[in-house]
Amino acid sequence: MPKKGKKMYPKLAFFLSILSLHILTTSASDPDPVQDFCIPNTELGSTRTSRFNLETCKIPKEVSPEEFVFSGIKSPGNFSNTGLSAISVTPTVFPGLNMLGMSFVRADLKVGGINAPHFHPRATEIAYVVQGKVYSGFVDSTNKVFAKIIEQGEVMVFPKGLVHFQMNVGKSSATIFGSFNSQNPGTHRIPNVIFGSGINDELLEKAFGLTFEQISVMRRKIIFPKEQGNV
């Protein structure tokens with residue numbers, strides 16, 4: 001019996017390691033739905049866990065078709081000083097998305113406008129060019145840039161957690177629809193993170209070879225409005 005136990009142990013250890021990996025990867029993404037849909041019942045509120053708000057759902061007979069339709073992206077939103085307009089669509093504004101593990105965005109770029117380098121910590125993004133010509137790309141973990149000009153009807157994917165960017169290089173405005181595999185992808189804009197988060201000035205001086213005065217100028221010029229949302 002002892003010999004048999006020794007032979008089984010490596011198999012058991014391997015199985016447990018695979019199981020642990022599965023648990024880690026599944027717990028790092030949106031949970032799978034356990035019902036057809038869940039339109040939040042705002043009258044009953046929600047329960048906060050460590051990672052999600054657990055919404056109380058309406059019973060199906062109280063749900064209307066209108067709750068699965070969103071009309072808020074027919075036109076561009078307000079433009080920032082970088083020439084970007086972004087309208088994020090999450091369960092907060094579109095209840096029909098709740099618990100479906102996805103969200104999306106409409107982004108518009110003026111001629112020469114940019115979507116500054118940023119990343120989404122919780123989602124991969126697929127960007128579809130509705131109109132225009134956009135220089136689009138991302139940077140991988142080896143610091144290699146994957147970028148090209150994409151035009152109307154073309155799609156580009158930005159892997160989860162990687163820095164990506166866009167710039168309108170056409171002669172007219174550009175419109176992009178982005179889709180995320182998370183209902184809360186999150187957005188970290190590199191200029192905001194570096195110059196708008198309160199990182200110690202001395203550290204920034206040493207990291208970028210800038211003077212305190214130059215850092216102050218960068219902070220005044222580069223901070224983008226938070227309401228741009230996910231894009």
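What counts and what doesn't
- Residues numbered from 1 in each chain as written.
- Predicted model: local features only at pLDDT ≥ 70, side-chain atom pairs only at ≥ 80, totals over all residues.
- Heavy atoms only, no water.
- Salt bridge = Lys/Arg side-chain N within 4 Å of Asp/Glu carboxyl O.
- Buried < 20%, exposed > 50% of the residue type's maximum accessible area, 1.4 Å probe, protein only.
- Pairing = 2+ DSSP bridges.
- Helix = DSSP H or I, 4+ residues; strand = E, 2+ residues; numbered from the N terminus.
- Axes fitted to C-alpha atoms, helices over the stretch in contact; angles between N-to-C directions.

A. A look at the pattern of salt bridges. Using the criterion set out here, one finds four salt bridges in the structure. Between R106 and D108 there is a salt bridge, with its nearest N and O atoms 2.7 Å apart. Each member of the pair, R106 as well as D108, is classed as buried.

B. Local environment of the sheet that holds strand β5 (residues 114-119). Across the sheet, five strands lie side by side as β8-β7-β10-β5-β12; this open sheet has antiparallel pairing. Every interior strand has two partners, whereas the edge strands, β8 (145-151) and β12 (188-189), have only one. Pairing of strand β7 (residues 133-139) with strand β10 (residues 163-168), which is carried by six bridges, proceeds in the antiparallel orientation. Its bridge partner being in β10, F138 is matched across the sheet by H164.

C. The sheet that holds strand β9 (residues 155-158), seen in detail. Here five strands make up an open sheet; going across it, the order is β3-β4-β11-β6-β9 and the pairing antiparallel. Either end of the sheet is taken by a strand with one partner, and the two such strands are β3 (84-89) and β9. The mean inter-strand angle of the sheet, taken between neighbouring strand axes irrespective of direction, is 20°. Two elements, strand β4 (residues 103-109) and strand β11 (residues 174-180), share seven bridges in a ladder whose sense is antiparallel.

D. Spotlight on the pairing of β8. Examined bridge by bridge, β7 and β8 share seven bridges and lie antiparallel to one another. By the bridge assignment, F138 is partnered in β8 with F146. Here β7 folds back onto β8 in antiparallel fashion, the turn holding five residues, of which N143 has a positive phi close to 75°.

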